[in-house]
Amino acid sequence: MSNMPQNHEQSSRARTSNQLIRWLIFLGISAVLALIVFVAVPTLTHRSPLGNGTDATGGSLTVGVTDTPQTLDIRTTDSDSLNRVLIGNVYRTLLDRDKDNKITAGLASAWTTSDDGLTLTFTLRNGIRFANGHTVDASNVVWSLQQAVANKWPGADTKLAALDSVTNPNATTVVISLKHPDATLPRTLAGRLGIVYDSAADIDYAKQTMGSGPYTVKNFEPGKRVVLNATEGSKAKTSTVTFENYASDQALMKATQAGGIDLALPADPASTANLTNDQNFRIATGISETKVVLLYNNDADSIFSDVQARTALRMMVDKTALTKDRSDVAQVLGGPIGPLEPGYEDLTGLIAHNADRGRQLLSYFTSSYVGTLKLVTDETYEPLANQIAQQLQEQGVSVEVSALSANGVQDSISKRNFHLLLTTVGAEGAASFADPNGASHYTNADAQAQYTQAVRATTQQAYEDGLKTYARTVSGTAASDWLYARKTALVASTQLAGYSAQMIDEHLPLANIAKQ
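Sequence order as written defines the numbering, with residues in each chain counted from 1. Predicted model: local features are reported for residues with pLDDT of at least 70 only, side-chain atom pairs are reported and counted for 80 or more only, and whole-chain, interface and lining totals are derived from all residues. Excluding hydrogens and water, the side-chain figures rest on all heavy atoms present in the structure.

1. Section: the overall build of the protein chain
Helix numbering and strand numbering both begin at the N terminus, where a helix is a DSSP run of H or I of at least 4 residues and a strand a DSSP run of E of at least 2. A tally of regular secondary structure across the protein chain gives 14 helices and 19 strands. Each residue is assigned to one of three classes by its accessible area relative to the maximum for its type, calculated with a 1.4 Å probe on protein chains only: buried under 20%, partly exposed between the two thresholds, exposed over 50%. The buried share among the 516 residues of the protein chain stands at 47%. Two residues form a contact once any of their heavy atoms are found within 4.5 Å. Intrachain contacts of the protein chain at a sequence separation of at least 6 include 70% that bridge at least 24 residues. The accessible surface values rely on the Shrake-Rupley method and a 1.4 Å probe; as for residues, cover is taken only from the protein chains in view. Summed over its atoms, the accessible surface of the protein chain is roughly 24,100 Å², and 50% of this surface lies on carbon and sulfur atoms.

Structure representation (structure tokens):
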């Protein structure tokens, strides 16, 4: 009996000790679980566990240009300068393209086309999020395409005309059904109309962005500056990218040489000449999708409604002489398709330079019928227009050059107040010769049928073969004259890596650019 209080006290101490051990074990397990949640959840949501950090390596990059955008609303504005800043950087597209302009995976990791070409099925990547944290799923793709069609965003009426329906059977699958095959659709979905937007975003798209790319817009001053910050979880190698606008290539190159610019993108490759021997910089060149062309007015009351007159002029123009001293020439052309486009082949020999034969063909027309040809161009290409005029005048053809503002050129086109139009066209320029309402008003039933057949091909090879047939018809009938594909050039600090000069006038992926 006398031992009972002592046993009771020992028992009490033992219970207290056990409770303490259990609490310590509980707290230890809780701490481990909290750590797991702290690390795992941000990983699954592509966010930094520290809240406002990023996976970007760090540092800043300043890009100098001469054409920063006036708006951020890429939905309703078709602009190369806007595409260059936003596509692939702030906004991601359903499909993508590489530096050689080949179609690759984008938000969709894979896609298939049915044998009849009427159904395209896309599988989306898992775990991609918009900058606000919302998950990118198939419903966003459906909504974005529906918005483009319903709101008639630029180009949607033609590029998405074949769409019959767009559905999302589950969160990672998109099915596009077509009224007829459209081999151009994958390329469309790798561009502005392929951007996937957050259907729940409530923003002013002219001043703000909400994309799923590696960057988001931090600051925007129209026509002056765009500042991008790497998003949380971004794999971008640079944390901040600033696009700075300069009034001219000369001002841009001066700022670059002074050390204020890491990557300079001049409009004219000749502007890089002064930095060729500067050991602080590297100069890289590439090819643009933009082509310099001499369009003919093919209206019924124009001399160029006659294929013989068109052929004569093609033979009189010596493109080798025109391009030998120009800094912006990447490749001389002989047809409507450029070297970075599907269906390209060298057609320069189809109607070769032969001034004597050209004069002979043109001699069938009376001088009063030929008259004085009005050559319209914008101020940028006035020197080249004068060279063309001189060549033709040496062959006895009277030419008057009118160098106009951009608005003046458009006015001449709408009023059909030109015989010749020296201008630039992008990748879509080839298709214009299948449209009688295109700028040249070229009308050829065979060419139109060939282009339609090419676009409705059910395989890539058939599509490209069809485009080659179409291009030979268009070039062989001298629908116009294609002078050259433009060269692109950049000046980069020797500390930079991860950039490409290909198509930089409208396509500049930033995520892999970093200072070494």
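2. Brief notes about the packing of helix H13 (residues 445–455) against helix H14 (residues 460–476)
Think of each axis as a best-fit line through the C-alpha atoms, taken over the contacting stretch in the case of a helix, with angles from 0 to 180 degrees between the N-to-C directions. Where H13 meets H14, the closest approach of the two axes is 8 Å, and the angle between their N-to-C directions is 165°. The angle between H13 and H14 places the two elements in the roughly antiparallel class. The interaxial crossing formed by H13 with H14 has left-handed handedness. Residues Ala-447, Gln-450, Tyr-451, Ala-454 and Val-455 of H13 form the contact with H14, whose own contacting residues are Tyr-463, Gly-466, Leu-467, Thr-469, Tyr-470, Thr-473 and Val-474. Here roughly perpendicular refers to angles of 65 to 115 degrees, roughly parallel to angles under 35, roughly antiparallel to angles over 145, and oblique to all remaining angles. Left-handed is the label given to a crossing in which the near helix is rotated counterclockwise from the far helix by less than a right angle, and right-handed is the label when the rotation is clockwise.

3. As for the nonpolar core
Proteins that are soluble and globular tend to have nonpolar side chains buried together. Formed by 65 residues in total, the largest nonpolar core has its most connected members in Ile-176 and Phe-243. In terms of residue count, helix H3 (residues 138–150) provides more of this core than any other element does, 5 residues in total. Ranked by size, the runner-up nonpolar core spans 33 residues in total, among them Val-292, Leu-322, Val-329 and Leu-422. Nonpolar cores are built from buried Ala, Val, Leu, Ile, Met, Phe, Trp, Tyr and Cys residues. Side-chain atoms within 4.5 Å join them into one set.

4. A few points about the packing of helix H7 (residues 307–316) against helix H9 (residues 355–362)
At a minimum axis separation of 7 Å, H7 and H9 run at an interaxial angle of 155°. Judged on the interaxial angle alone, H9 and H7 are roughly antiparallel. For the pair H7 and H9, the crossing hand works out as left-handed. Seen from H7, the contacting residues are Gln-308, Ala-309, Thr-311, Ala-312, Met-315 and Met-316; seen from H9, they are Ala-355, Arg-357, Gly-358, Arg-359, Leu-361 and Leu-362. Think of it as three bins: nonpolar holds Ala, Val, Leu, Ile, Met, Phe, Trp, Tyr, Cys and Pro, charged holds Asp, Glu, Lys and Arg, and polar takes everything else, Gly as well. Along the lines of polarity and charge, the residues of the contact of H7 with H9 split into 7 nonpolar, 3 polar and 2 charged.

5. Quick look at helix H12 (residues 406–414)
Among the residues of H12, those classed as buried are Val-409, Ser-412 and Ile-413. For H12, the arc enclosing every buried residue in end-on projection is 100°, short of the 170-degree limit, so these residues lie on one face. In H12, the exposed positions angled more than 90 degrees off the buried face are occupied by Asn-407, Gln-410 and Ser-414. On its buried face, H12 is in contact with strand E14 (373–378), strand E15 (399–404) and strand E16 (420–425). Of the residues one or two after H12, Arg-416 is the one with positive phi, at around 60°. Summarising the geometry, the arc corresponds to the directions from the helix axis toward the C-beta atoms.

6. Here we look at the environment of Leu-350
In this structure, Leu-350 sits in the loop between strand E13 (329–332) and H9. The exposure class of Leu-350 is partly exposed, given its relative accessible area of 41%. Between the C-alpha atoms of Leu-350 and Gly-334, which are 16 residues apart in sequence, the distance is 7.2 Å.

7. Structural notes on the pattern of salt bridges
For this analysis, a salt bridge means a side-chain nitrogen from Lys or Arg found within 4 Å of a carboxyl oxygen belonging to Asp or Glu. Enumeration over the complete set of coordinates arrives at 19 salt bridges. For the salt bridge of Arg-84 with Asp-67, the shortest nitrogen-to-oxygen distance reads 2.3 Å. Within this pair, whereas Arg-84 is found in helix H2 (residues 80–86), its partner Asp-67 is found in the loop between strand E1 (60–65) and H2, the two being separated by 17 residues in sequence. Under the relative-accessibility criterion, Arg-84 is labelled buried at 4%.

8. Some remarks on the packing of aromatic side chains
Geometry of aromatic contacts follows a simple scheme: Phe, Tyr and Trp rings, the Trp one being its six-membered ring, pair when their centres are within 6.5 Å, and the pair is stacked under 30 degrees between planes, edge-to-face over 60, tilted otherwise. Under the defined criterion, the tally for this structure stands at 7 aromatic pairs. With a centroid separation of 6.1 Å and an interplanar angle of 70°, the aromatic rings of Phe-433 and Tyr-442 are classed as edge-to-face. Take Phe-433: its relative accessible area is 3%, and that puts it in the buried class. Aromatic side chains Tyr-451 and Tyr-470 sit 5.1 Å apart centroid to centroid with 55° between the ring planes, which places their arrangement in the tilted category. Of this pair, Tyr-451 sits in helix H13 while Tyr-470 is found in helix H14, placing the two residues 19 residues apart along the sequence. Grouped by ring-pair contacts, the aromatic residues Tyr-91, Trp-153, Tyr-197 and Tyr-205 constitute a single cluster.

9. Examining the confidence of the model for the protein chain
Close inspection of predicted coordinates is inappropriate in any region flagged by low pLDDT. Per-residue confidence for the protein chain gives a mean pLDDT of 90, with 89% of residues at or over 70. The quantity known as pLDDT measures the predictor's confidence residue by residue, on a range of 0 to 100. Note on residues 1–21: pLDDT under 50 across the span, and 0 contacts to partners over four residues away in sequence or across chains. Overall, residues 23–54 carries pLDDT values under 50, and its contacts beyond four positions in sequence, including any with other chains, amount to 28 contacts.

10. So, the sheet that holds strand E5 (residues 119–124)
Note: two strands are recorded as paired if DSSP finds a minimum of 2 bridges between them. Strand order across the open sheet formed by 4 strands is E4-E5-E7-E6, with antiparallel pairing between neighbours. Strands with a single pairing partner mark the edges of an open sheet, and in this sheet they are strand E4 (108–113) and strand E6 (163–170). Between one strand axis and the next, the sheet turns by 20° as a mean value, whatever way the strands run. The sheet contact formed by E5 and strand E7 (residues 173–178) spans 5 bridges and is antiparallel. Within the sheet, the bridge partner assigned to Thr-121 lies in E7 and is Val-175.

11. Considerations on unusual backbone geometry
Residues other than glycine predominantly adopt negative phi, and peptide bonds predominantly adopt the trans conformation. The phi dihedral of Arg-416 is positive, around 60°, even though this residue is not glycine. Following the sequence through the fold, Arg-416 ends up in the loop between H12 and E16. One non-glycine residue, Ala-478, adopts positive backbone phi at about 50°. Along the chain, Ala-478 falls in the loop between H14 and strand E17 (480–493).

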